Amino acid sequence: MHFHRDRGFTHAKASEITPRVDYEGRREWLKLIGTGVAGAALAAWAQRDALAQAGKLPSVRSTVAGANVMDKPTSLVDAASYNNFYEFGTGKADPAQNAHTLKTRPWTVAVEGEVKKPKVYDIDELLKLSPLEDRVYRLRCVEGWSMVVPWVGYSLAELIRRAEPTGNAKFVQFVTLADPKQMPGLGSRSLDWPYVEGLRMDEAMHPLALLTFGLYGEVLPNQNGAPVRMVVPWKYGFKSAKSIVKIRFVDKQPPTSWEKAAANEYGFYSNVNPNVDHPRWSQATERRIGEDGIFAKKRPTLMFNGYEAQVGRLYAGMDLKKYY
Ligand SMILES: Nc1nc2c(c(=O)[nH]1)N[C@H]1C(S)=C(S)[C@@H](COP(=O)(O)O)O[C@H]1N2
Ligand SMILES: [Mo]
């Protein structure tokens with residue numbers, strides 16, 4: 001893919017675009033918009049003005065190790081209609097129904113704290129900072145379900161390098177939008193707003209940690225965290241903060257929303273680990289979205305969600321029962 005600073009993206013050559021994602025993504029997208037197959041909620045969502053800006057995000061297939069799992073991708077309809085995004089309600093269907101009120105333009109992301117080059121990025125500048133890659137990742141929710149999604153984005157490390165962190169930058173905190181005018185869920189005390197998350201610096205620098213702008217070759221649906229979110233595939237889904245407005249470099253481990261809500265259940269690290277149970281349920285198996293039904297077998301959950309070869313060394317010598 002070729003990028004010109006002034007003109008945005010030029011068309012990628014057909015051979016550079018992942019054919020499967022291009023074809024299936026487009027087809028799924030049309031299904032979503034046209035037929036209301038996922039119900040009235042999605043029909044309403046399909047009319048939102050953000051869709052007028054929605055478009056393809058040309059990307060190249062990532063060459064990062066582990067960035068293209070072979071599992072069958074979850075359909076776009078499922079990935080965009082079964083969501084956790086408490087700012088729009090705690091039910092799985094709530095975000096698809098309510099997130100049309102989220103305004104994703106104009107949007108800025110402030111990069112600040114322990115960096116030599118703090119900067120407030122306009123979202124469209126951030127989008128063009130580095131070539132977009134297509135990466136098929138597993139995402140495993142702490143609740144026991146998982147999905148496989150072709151995300152579009154680039155390694156967070158690309159942004160971090162440009163910010164030039166100081167020697168005091170030990171952790172990265174992600175702060176997400178909290179606007180009661182756009183987010184009906186903020187009226188409830190389900191979590192302490194804004195939703196905040198964090199990573200240790202070496203985790204944030206890992207090439208698999210994806211700053212994400214799209215899925216299935218298109219811009220993110222609002223309910224999936226538009227206009228920009230993290231996807232950290234070896235950690236439970238709640239570590240992947242949606243609709244980010246601030247990326248802050250700090251010297252101490254930052255508080256996170258789920259740790260604040262229940263520290264004994266949700267730790268800072270929250271690496272996917274089938275051997276460490278949640279206090280109230282086992283984490284040994286998972287249900288793949290779209291494979292439910294009485295005959296569907298649960299899948300075994302994999303250590304680090306299957307990314308152990310890539311990320312295991314980050315945790316060498318750490319007691320993963322203590323640092324859950
Ligand atoms: N801002 C924000 N980000 C969030 C959440 C949230 O409630 N608010 N939920 C998290 C949880 S629990 C999961 S499993 C994933 C779900 O991402 P998806 O809906 O795209 O599958 O988003 C995470 N990011
Ligand atoms: Mo989750």
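Please refer to the structure placed before this passage.
Residues numbered from 1 in each chain as written. Chains lettered and ligands numbered in written order. Predicted model: local features only at pLDDT ≥ 70, side-chain atom pairs only at ≥ 80, totals over all residues. Heavy atoms only, no water.

Here we look at the environment of Lys 235
As a reminder of what qualifies: Secondary structure elements follow DSSP: runs of H or I no shorter than four residues count as helices, runs of E no shorter than two count as strands, and numbering proceeds from the N terminus. Every residue pair with non-hydrogen atoms within 4.5 Å of one another is taken to be in contact. N or O atoms within 3.5 Å of each other form a polar contact, as long as, within protein, one can give a hydrogen and the other can take it, and as long as residues adjacent in sequence are counted only when both atoms are side-chain atoms.
Structurally, the position occupied by Lys 235 is in the loop between strand S12 (229-231) and strand S13 (244-250). On a C-alpha basis, the gap between Lys 235 and Cys 141 in space is 8.6 Å, while along the polypeptide they are 94 residues apart. Among all residues touching Lys 235, those that are not within four sequence positions of it are Arg 140, Leu 199, Glu 203, Tyr 269, Ser 270, Asn 271, Val 272 and Tyr 315. Polar side-chain contacts of Lys 235 include one of 2.7 Å to the side chain of Glu 203.

Side note on the pattern of salt bridges
Close approach of charged atoms allows side chains with opposite charge to pair. Note the following rule: The working definition used for a salt bridge is a side-chain nitrogen of Lys or Arg within 4 Å of a carboxyl oxygen of Asp or Glu. Exposure is judged per residue with a 1.4 Å probe applied to protein chains only, and the accessible area is read against the type maximum: over 50% gives exposed, under 20% gives buried, and values in between give partly exposed.
All told, the structure shown has 19 salt bridges when counted by the stated rule. Glu 125 is paired through a salt bridge with Lys 119; the nearest N and O atoms lie 3.0 Å apart. On the accessibility criterion, Glu 125 (33% relative accessible area) is partly exposed. Arg 161 is the salt-bridge partner of Glu 158, the closest N and O atoms lying 3.8 Å from each other.

Describing the site of ligand 1
We apply this condition: A single heavy atom is enough: if one lies within 4 Å of a molecule or strand, its residue is considered near that molecule or strand. Throughout, the Shrake-Rupley method with a 1.4 Å probe supplies accessible areas, and for residues the shown protein chains are the sole cover considered. By the convention adopted, Pro, Cys, Tyr, Trp, Phe, Met, Ile, Leu, Val and Ala count as nonpolar, Lys, Arg, Asp and Glu as charged, and the other residues, Gly among them, as polar.
The local shell around ligand 1 holds 18 residues, among which Tyr 86, Glu 87, Met 147, Arg 229 and Lys 242 are the closest. Here Tyr 86 contributes a backbone N or O atom positioned 2.8 Å from an oxygen atom of ligand 1. Interatomic distance of 2.6 Å between a side-chain N/O atom of Lys 242 and an oxygen atom of ligand 1. The fraction of the free accessible surface of ligand 1 (540 Å²) that becomes covered by protein chains is 98%. It is strand S7 (residues 145-155) that contributes the most residues to the shell around ligand 1, three residues altogether. Of the residues that constitute the shell around ligand 1, the class distribution is nine nonpolar, six polar and three charged.

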